[in-house]
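Analysis of the macromolecular model
Below are the chains, spelled out letter by letter.
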Amino acid sequence: MAVIWYIALVVATGVERLVELVISKRNAERAFAAGGIEYGQKHFPWMVALHTGLLAACIAEAVLLDRPFIPALGWPMLVLVVLSQALRYWCIAALGRQWNTRVIVVPGLHLVATGPYKWLRHPNYLAVVVEGFALPLVHTAWLTALTFTVLNAVLLLGFRIPTEERALGALAR
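What you see is a predicted model, and the numbers here were worked out from it, not measured in a lab.

Relative orientation of the contacting elements helix 1 (residues 2-33) and helix 2 (residues 44-64) amounts to 175 degrees, with a least axis distance of 9 Å. Overall, the two elements helix 1 and helix 2 adopt an arrangement that is roughly antiparallel. Listed contacts from helix 2 to V3, Y6, I7, V10, V11, T13 and G14 of helix 1 are L55, C58, I59, A62 and V63. Considered class by class, the residues forming the contact of helix 1 with helix 2 number 10 nonpolar, two polar and no charged.

In structure tokens form, the structure reads like this:
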């Protein structure tokens, strides 16, 4: 029975991602209309595939490998999932119309330094990292947690964050 609740959690997370894509699309259209320039188009499909794969793998590993719900692990991980969602939406609220799943810079806009951006340069990625290991571990899908964490580190550290830094550098000029 616990696996049904876990599947519902993962599906709800997927629905939440679809809502984010709607917000992102609307913000991207506004950014492009204001002369926004996109960076990092080549790595974006890999990010989409990785994040979609995370959700699918969470369910697949829990069901196919019959992973148990271990309360001592599952409940703390669920708390981390909820906290990561709260941080993600704090980031979205702080960035407002500038928030996007893509890297789009609008000339003339300033860096946001409120909300979590007051303390961290890339707080949304902290949310992604925490969710990436915590969501699978809610139902002991440790292979998924490990695989996503490694692949996400490669993508974030090797591509996404350097791309954002270049884009933000262009914004500062």
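This paragraph deals with empty space enclosed by the protein. Under the counting rule described, the total for this entry stands at one cavity of 30 Å³ or more. By volume, the largest cavity is sized at about 40 Å³. Lining the largest cavity are T13, R17, H51, L54, L55 and E131. Mapped onto the lining of the largest cavity, the elements with two or more residues apiece are helix 1 and helix 2. At three residues, helix 2 tops the list of elements feeding residues into the lining of the largest cavity. Tallied by class, residues from the lining of the largest cavity come to two nonpolar, two polar and two charged.

A few words now on unusual backbone geometry. Positive phi is not limited to glycine here, since D66 has a value of about 50 degrees. Locating D66 in the fold gives a position in the loop between helix 2 and helix 3 (71-95). Given a relative accessible area of 64%, D66 falls into the exposed group. Phi is positive for T140, close to 55 degrees, though the residue is something other than glycine. Within the secondary structure, T140 sits in the loop between helix 4 (123-137) and helix 5 (142-172).

Structurally, E16 is set in helix 1. Not counting chain neighbours up to four residues away, the residues in contact with E16 comprise Q85, R88 and Y89.

A few words now on helix 2. With 21 residues, helix 2 extends 29 Å from end C-alpha to end C-alpha; this agrees with the ideal 30 Å at 1.5 Å per step. When we look at burial in helix 2, the residues that qualify are F44, M47, L50, L54, L55, C58, E61 and A62.

This model, assessed by the stated rule, comprises 10 salt bridges. Notably, a salt bridge pairs E20 with R17, separated by 3.4 Å at the nearest N-O pair. Pair noted here: E20 and R17 are both in helix 1, with a separation of three residues, about one helical turn. The class for R17 is buried, based on a relative accessible area of 15%. Between R67 and E61 there is a salt bridge, with its nearest N and O atoms 2.9 Å apart. The pair formed by R67 and E61 is uniform in burial state, with each residue classed as buried. Among the charged side chains, a salt-bridge network with shared partners connects E16, R17, E20, R88 and E131.

Reading the values: rules and limits
- Residues numbered from 1 in each chain as written.
- Predicted model: local features only at pLDDT ≥ 70, side-chain atom pairs only at ≥ 80, totals over all residues.
- Heavy atoms only, no water.
- Axes fitted to C-alpha atoms, helices over the stretch in contact; angles between N-to-C directions.
- Helix = DSSP H or I, 4+ residues; strand = E, 2+ residues; numbered from the N terminus.
- Parallel < 35°, antiparallel > 145°, perpendicular 65-115°, else oblique.
- Contact = heavy atoms within 4.5 Å.
- Nonpolar A, V, L, I, M, F, W, Y, C, P; charged D, E, K, R; others polar.
- 1 Å grid on protein atoms, 1.4 Å probe; cavity = no way out; pocket = protein on both sides within 12 Å on 5 of 7 lines; lining within 4 Å.
- Points joined across faces, edges and corners; volume = space filled by probe spheres on them.
- Buried < 20%, exposed > 50% of the residue type's maximum accessible area, 1.4 Å probe, protein only.
- Expected span 1.5 Å × (residues − 1).
- Salt bridge = Lys/Arg side-chain N within 4 Å of Asp/Glu carboxyl O.

By themselves, these figures tell us nothing about what the structure is for.
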